[in-house]
Amino acid sequence: MATQGGKILVHPLLVRITHWINVVAMLIMIFSGWRIYNASPLFSFKFPVDLTLGGWLGGALQWHFAAMWVLAFNGLAYLLYGIFGGHFKANFLPLTPRAIWNEFAKALRGKIAHEVGVYNAVQRAAYVGVICVIVGLVLTGLVIWKPVQFQGLGTLMGGFEGARLLHFLCMSLVVLFIFVHVVMVALVPRTFLPMLTGHAKTNNHGHGD
Ligand code: HEM
């Protein structure tokens, strides 16, 4: 953990850059995805047009296909750094069901344990979970985009319709994550600035990397 002028580095530059690029790309993917969904809904509802991006199916597809490259390559950079740079090991592990449950039970009693730069077990589980869900989004998206080329993967997902359903499920989980994540940041606002600047005052504990 690096210190600088009474401050500690809690979020490395690469994590911050990829986090905020991911936010922009993911929002474009979600809002354009809702417009694509509206053109051929899976269920008996459509998304309000004002909440969608692209104006029409063709426009929405262009937004979706443009942002998917950003999402995928940015995500890949974060994953490689997380795995080979030791970031995941230092910040997301250890992670046990018991620790997640204890932390969750504490949160229900209104006691959210949060030191800037140290993720509690529920946060760790949520972050690892959303990363897996985003990988799922990309894989199901590949099958929907190129069903012939990714036939093998598609078969594992129950075919084209199965991939569509799973893509929708992953999107719903990401939207749920974003909602809870943003509420948590609003409840513990001192976590916000370090995600921009990287640093926090030394009276808080920092990440292990
Ligand atoms: C697509 C939506 C989002 C996803 C998938 C996402 C995912 C994540 C992940 C995985 C982390 C942990 C990063 C790491 O240490 O490797 C994180 C941290 C964080 N995110 Fe997000 N995020 C999203 C949107 C947002 C938004 C909109 C905000 C602003 C309100 C935000 C604020 C933060 C903050 C402040 C942290 C650090 C939390 C702490 O230090 O306790 N995120 N996010």
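Let us look at the structure shown here. Being a predicted model, the structure only gives us computed values, none of them experimental.

Quick notes on the rules
Each chain carries its own residue numbering, running from 1 in the written order of its sequence. The predicted origin of the model limits local features to residues at a pLDDT of at least 70 and limits the giving and counting of side-chain atom pairs to 80 or more, whereas totals for whole chains, interfaces and linings rest on all residues. Heavy atoms throughout the structure, all of them, feed into the side-chain values; hydrogens and water do not. Secondary structure is summarised from DSSP: a helix means a run of H or I of at least four residues, a strand means a run of E of at least two, and numbering begins at the N terminus for each. For the exposure calls, accessible area comes from a 1.4 Å probe over protein chains only, and a residue counts as buried if that area is under 20% of its type's maximum, exposed if over 50%, partly exposed in between. What counts as a salt bridge is simple: a side-chain nitrogen of Lys or Arg found within 4 Å of a carboxyl oxygen of Asp or Glu. By definition here, a helix of n residues has an expected span of 1.5 Å times n minus one. Counting of polar contacts relies on pairs of N or O atoms within 3.5 Å, with two restrictions inside protein: one atom must be capable of donating a hydrogen and the other of accepting it, and residues adjacent in sequence are counted only when both atoms are side-chain atoms. Buried Ala, Val, Leu, Ile, Met, Phe, Trp, Tyr and Cys residues that are joined via side-chain atoms within 4.5 Å together make up what is termed a nonpolar core. Should any heavy atoms of two residues lie within 4.5 Å, those residues are counted as being in contact. Nearness here has a simple test: a residue counts as near a molecule or strand if at least one of its heavy atoms is within 4 Å of that partner. Think of it as three bins: nonpolar holds Ala, Val, Leu, Ile, Met, Phe, Trp, Tyr, Cys and Pro, charged holds Asp, Glu, Lys and Arg, and polar takes everything else, Gly as well.

**Observations concerning the overall build of the chain**
Here comes step 1: Along the chain, the regular secondary structure elements total eight helices and three strands.
Here comes step 2: Start at the N end of the chain and walk to the C end: the helices and strands fall as β-β-α-α-α-α-α-α-α-α-β.
Here comes step 3: Dimensions of the chain along its principal axes, counting C-alpha atoms only, are 55 × 35 × 35 Å.
Here comes step 4: Looking at the 209 residues of the chain, the share that counts as buried comes to 34%.

**Things to note about the pattern of salt bridges**
A side chain of one charge can pair with a side chain of the opposite charge if their charged atoms are brought near each other.
Here comes step 1: This structure, assessed with the given rule, holds one salt bridge.
Here comes step 2: When the shortest N-O distance is used, the salt bridge between Lys-106 and Glu-103 registers 3.9 Å. Placement of both Lys-106 and Glu-103 in helix 4 (residues 97–108) is noted, with a separation of three residues, approximately one turn of the helix.

**Thoughts on helix 5 (residues 121–145)**
Here comes step 1: Between its terminal C-alpha atoms helix 5 stretches 36 Å, which fits the 36 Å expected from 25 residues at 1.5 Å a residue.
Here comes step 2: Two or three places before Val-122, at the opening of helix 5, Asn-120 has a side-chain oxygen 3.0 Å from that residue's backbone nitrogen.

**A look at the nonpolar core**
Here comes step 1: Residues Met-26, Phe-92 and Val-174 are the most contacted members of the largest nonpolar core, which totals 24 residues.
Here comes step 2: For this core, the elements supplying multiple residues, two or more each, are helix 1 (13–39), helix 2 (57–84), helix 3 (87–92), helix 5 and helix 7 (159–187).
Here comes step 3: Among residues more than four places away in sequence, those in contact with Met-26 are Leu-71, Ile-134, Leu-137, Val-174 and Ile-178.

**Section: the site of the ligand**
Here comes step 1: His-19, Tyr-78, His-87, Tyr-119 and His-181 are the nearest of the 23 residues found near the ligand.
Here comes step 2: Between the ligand and His-11 there is a distance of 3.2 Å, counted from an oxygen atom to a side-chain nitrogen or oxygen.
Here comes step 3: Contact between the ligand and Tyr-78: an oxygen atom at 2.5 Å from a side-chain N or O atom of the residue.
Here comes step 4: Counting residues per element, the shell around the ligand draws most heavily on helix 1, which supplies six residues.
Here comes step 5: The class makeup of the residues in the shell around the ligand is 15 nonpolar, eight polar and no charged.

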